Amino acid sequence: IFVLKNQIYVQDNTGRSLFSQKLECNIDFLPGVYLFASNEKKIGVTCKGSNKIFLFNINGSLYNDFPLEGSSEFCIGLISEESSNFNLLTNSPDGYLYNYYVKK
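So, here is what we can say about the structure in this document. Computed from a prediction, not measured in an experiment: that's the story for all the values here. (Residues numbered from 1 in each chain as written. Predicted model: local features only at pLDDT ≥ 70, side-chain atom pairs only at ≥ 80, totals over all residues. Heavy atoms only, no water.)

1. Thoughts on the overall build of the chain
Regarding its fold elements, the chain presents zero helices and ten strands. Moving toward the C terminus, one meets the helices and strands of the chain in the order β-β-β-β-β-β-β-β-β-β. Taken against the 2.2 N^0.38 rule, which gives 13 Å for 104 residues, the C-alpha radius of gyration of the chain at 14 Å falls within 12% of a compact globule. Judged by the C-alpha coordinates and their principal axes, the chain covers about 40 × 35 × 20 Å. The buried share among the 104 residues of the chain stands at 38%. In the chain, the proportion of contacts linking residues at least 24 apart, taken out of those at least 6 apart, comes to 26%. In the structure as shown, the chain presents an accessible area of about 6,600 Å², 48% of it carried by carbon and sulfur atoms. (Helix = DSSP H or I, 4+ residues; strand = E, 2+ residues; numbered from the N terminus. Rg over C-alpha atoms; globule rule 2.2 N^0.38 Å. Buried < 20%, exposed > 50% of the residue type's maximum accessible area, 1.4 Å probe, protein only. Contact = heavy atoms within 4.5 Å. Areas by Shrake-Rupley, 256 points an atom, 1.4 Å probe, with all protein chains shown as cover.)

Given below as structure tokens:
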């Protein structure tokens, strides 16, 4: 995964391009890789200046309901074992914690 200002480039382990995207904002943090199932990976980036977080499918399409508001790196996981959805936690520009539900 490579990031250059407002562009993200994703390649597999052989160097074959999986996707590239150009955003309308600069990516401010290193991208994150999130595992939703044993073979379902997502890639997340943050544009702090525009208060947007993005979650991409491995084919380059945006995951459901993204982008969302957020100005920090984010984490995705289960809050409890009984959860039917993942929770995504990120900051707002004024220091509040956002807790989004993300479908599995």
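2. Description of unusual backbone geometry
A negative phi angle is the norm for most residues apart from glycine, just as the trans form is the norm for most peptide bonds. For the bond from Phe66 to Pro67, the omega torsion is 10 degrees, close enough to zero to count as cis. Summarising the element assignment, Pro67 is placed in the loop between strand 6 (52-57) and strand 7 (68-69). Not every positive phi belongs to a glycine, and Asn51 is a case in point at roughly 55 degrees. Relative to the helices and strands, Asn51 resides in the loop between strand 5 (40-47) and strand 6. Under the relative-accessibility criterion, Asn51 is labelled buried at 14%. At Asp65, a residue that is not glycine, the phi angle is positive and equals roughly 70 degrees. Residue placement: Asp65 occurs in the loop between strand 6 and strand 7.

3. Side note on the pairing of strand 5
The buried fraction of strand 5 is high, at six of eight residues. With five bridges connecting them, strand 4 (residues 32-37) and strand 5 associate as antiparallel partners. Looking at strand 5, one finds that Val33 is bridged to Ile43. Alignment of strand 5 against strand 6, held across six bridges, turns out to be antiparallel. Along strand 6, the bridge assignment pairs Thr46 with Ile53. Hairpin connection between strand 5 and strand 6: a loop of four residues separates the two successive antiparallel strands, and Asn51 in this loop has a positive phi of roughly 55 degrees. (Pairing = 2+ DSSP bridges.)

4. Quick notes on the state of the cysteines
As used in these notes, a disulfide is a covalent bond between sulfur atoms, one from each of two cysteines. In the structure shown here, the tally under the stated rule is one disulfide. Disulfide partner of Cys25: Cys47, at an S-S distance of 2.2 Å. Between Cys25 and Cys47, the S-S torsion sits near 70 degrees, and that sign places the bridge as right-handed. Of this pair, Cys25 sits in the loop between strand 3 (17-22) and strand 4 while Cys47 sits in strand 5; the two residues are 22 residues apart in sequence, bridging distant segments of the chain. Here Cys25 matches Cys47 in class, with each residue buried. Here Cys75 is not disulfide-linked; the sulfur of Cys47 is the nearest cysteine sulfur, at 18 Å. (Disulfide = S-S within 2.5 Å.)

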